[in-house]
Amino acid sequence: MTASEAIGPATGNSTEAALITAILAGDRDKFHLLILPYEGQLFRTALALVKNSEEAEDVVQDAVLKAYRKLGSFRGDAKFSTWLIAITLNEARGRLRKDNRVIVDSLDEQREENADFTPAALTDWKEVPLAALERQEIRTLVQQAVAELPDSYREIVTLRDVEECSVNDTAQLLGISVGLVKVRLHRARLLLQKKLAPQLKRASKEEKNRRGGRSWFGRLSWL
Amino acid sequence: MALNCQHVWDHISEYIDGTLDPQVRADVERHLAHCEICSAIIDSTRNIIILIADDRVFELPLDFSKRLHARLDDVLKHEHPEPV
């Protein structure tokens, strides 16, 4: 868990509202605290669109500065995190548009019609524990699978499964219907399963062989 | 209704999110009780969703936060938020 997560949910909306009021009243330094819980979320959102770590960092910096300048226009009826993500998505899209790297939904839709959304058939699945992510190899497999998704699916998976936005918030952020969010999320998850499940299974088996039959779980308890 | 594997696959995502209609959910569960393949597909999909949500997958670049707050500091020193 990161430090920002530790203070994130615990601070709650009322503390956030109090921070915003204080900042607008002149206690500007409090803005550092206000955005601290969301840095990771904003980075991953930006990365899902621009696909480049350095550029994603620039996007987040610009988005956060914009959020500060426009703080007076934030309305409490939306969650502050959703508002920040919306600004970040806009920044990222602005860059893509400028460089003609626009996400073209219609092309993705054509691709959708021809794509194969059949999951990888397995006869058994041994859970890959979160501890496996300590291995660079496993992290790389997961990163690559997400990176290789079609753009509109990567956006959905990032907002919904990585950032854990609700289906409704995701629909609002992307300006598409709840139905389309569900369809794309479903397909994106199947594409991830198809690609990753066999790879993870293989990596898990190799690890087991290397460790002389000791599983990730076993290794953890042993440590 | 008895579902075949393909029907079950159509419901994987909503099954995992717990948003399926209770009747459909019961049909899916009846199928899963005897289908090893669909059970493994659902377990692996759920497992993958948990893995991709972990912070370690998309780690922040080194000193990301330091650079962000330094740049922010420059602005905070000189600018108020814009008047509404």
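S.K.: Can you help me understand the environment of B:Glu29 in this one?
M.R.: By the element assignment, B:Glu29 lies in helix α3 (residues 22-34). For the pair B:Glu29 and B:Val8, spaced 21 residues apart in sequence, the C-alpha separation works out to 9.3 Å.

S.K.: Please clarify how the domain arrangement of chain A should be interpreted in this entry.
M.R.: Residue and element names in this part refer to chain A. Taken as a whole, chain A is organised into domain 1 (3-98) and domain 2 (117-222). Here domain 1 and domain 2 have C-alpha centroids that lie 26 Å from each other. Breaking the side of domain 1 that touches domain 2 down by element, the ones donating at least two residues are α3 (39-50) and α5 (80-98). Residue contributions to the side of domain 1 that touches domain 2 peak at five residues, all from α3. Class assignment for the residues of the side of domain 1 that touches domain 2 results in five nonpolar, three polar and two charged.

S.K.: Help me understand the interface of chain A and chain B, please; the structure alone is not making it clear to me.
M.R.: The figure often quoted for interface size is the accessible area lost as the parts come together. Contacts between the two partners involve 50 residues from chain A, matched on the other side by 37 residues from chain B. Listed by contribution, the elements that provide at least two residues to the side of chain A that touches chain B are α1 (3-24), α2 (30-35), α3, α4 (53-69), α7 (136-147), α8 (151-162) and α10 (178-210) of chain A. Per-element tally for the side of chain A that touches chain B: the top contributor is α10(A), with nine residues. For the side of chain A that touches chain B, the residue count by class is 25 nonpolar, eleven polar and 14 charged.

S.K.: Is there a simple way to think about the nonpolar core in this case?
M.R.: As a rule of thumb, nonpolar side chains are buried together in soluble globular proteins. Residues and elements named next belong to chain A. Counting 71 residues, the largest nonpolar core has Ala 46, Val 60 and Val 64 as the members making the most contacts within it. Among the elements that line this core, the one with the most residues is α10, at nine residues. Both of domain 1 (3-98) and domain 2 (117-222) provide at least three residues apiece to this core.

S.K.: How should I be thinking about unusual backbone geometry in this particular structure?
M.R.: Of all residues except glycine, most have a negative phi; of all peptide bonds, most are trans. All names here are of chain A. One non-glycine residue with positive phi stands out, namely Lys 51, at about 60 degrees. Inspection of the secondary structure puts Lys 51 in the loop between α3 and α4. Note on Lys 51: 15 C-beta atoms within 10 Å, which makes it partly exposed. Despite not being glycine, Glu 164 shows a phi value in the positive range, around 55 degrees. Considering the arrangement of structural elements, one finds Glu 164 in the loop between α8 and α9 (167-174). Assessed through the 11 C-beta atoms surrounding it within 10 Å, Glu 164 is described here as exposed.

S.K.: Where do I start with the packing of α3(A) against α5(A) in this structure?
M.R.: Helix-helix packing is described using two parameters, namely the angle between the two axes and the distance between the axes. All names here are of chain A. Between α3 and α5, whose axes approach to 9 Å, the crossing angle comes to 30 degrees. Put simply, α3 runs roughly parallel to α5. For the element pair α3 and α5, the recorded crossing hand is right-handed. The residues of α5 that touch α3, namely those facing Gln 41, Leu 42, Thr 45, Ala 46, Leu 49 and Val 50, are Ser 81, Leu 84, Ile 85, Thr 88, Leu 89, Ala 92, Arg 93, Arg 95 and Leu 96.

S.K.: Quick question: what am I supposed to make of α4(A) here?
M.R.: Owing to its 3.6 residues per turn, the α-helix brings residues three or four apart onto one side. Helix length check: α4(A), at 17 residues, gives a terminal C-alpha distance of 25 Å against a target of 24 Å (1.5 Å per residue), a fit within 8%. Burial in α4(A) covers these residues: A:Ala56, A:Glu57, A:Val59, A:Val60, A:Gln61, A:Ala63, A:Val64, A:Leu65, A:Ala67 and A:Tyr68.

What counts as what
Residues numbered from 1 in each chain as written. Chains lettered and ligands numbered in written order. Predicted model: local features only at pLDDT ≥ 70, side-chain atom pairs only at ≥ 80, totals over all residues. Helix = DSSP H or I, 4+ residues; strand = E, 2+ residues; numbered from the N terminus. Domains from an automatic or database assignment. Nonpolar A, V, L, I, M, F, W, Y, C, P; charged D, E, K, R; others polar. Contact = placed C-beta atoms within 7 Å. Core = buried A, V, L, I, M, F, W, Y, C linked by C-beta atoms within 7 Å. Buried ≥ 20, exposed ≤ 12 C-beta atoms within 10 Å, placed from the backbone. Axes fitted to C-alpha atoms, helices over the stretch in contact; angles between N-to-C directions. Parallel < 35°, antiparallel > 145°, perpendicular 65-115°, else oblique. Left-handed = near helix turned anticlockwise from the far one by under 90°. Expected span 1.5 Å × (residues − 1).

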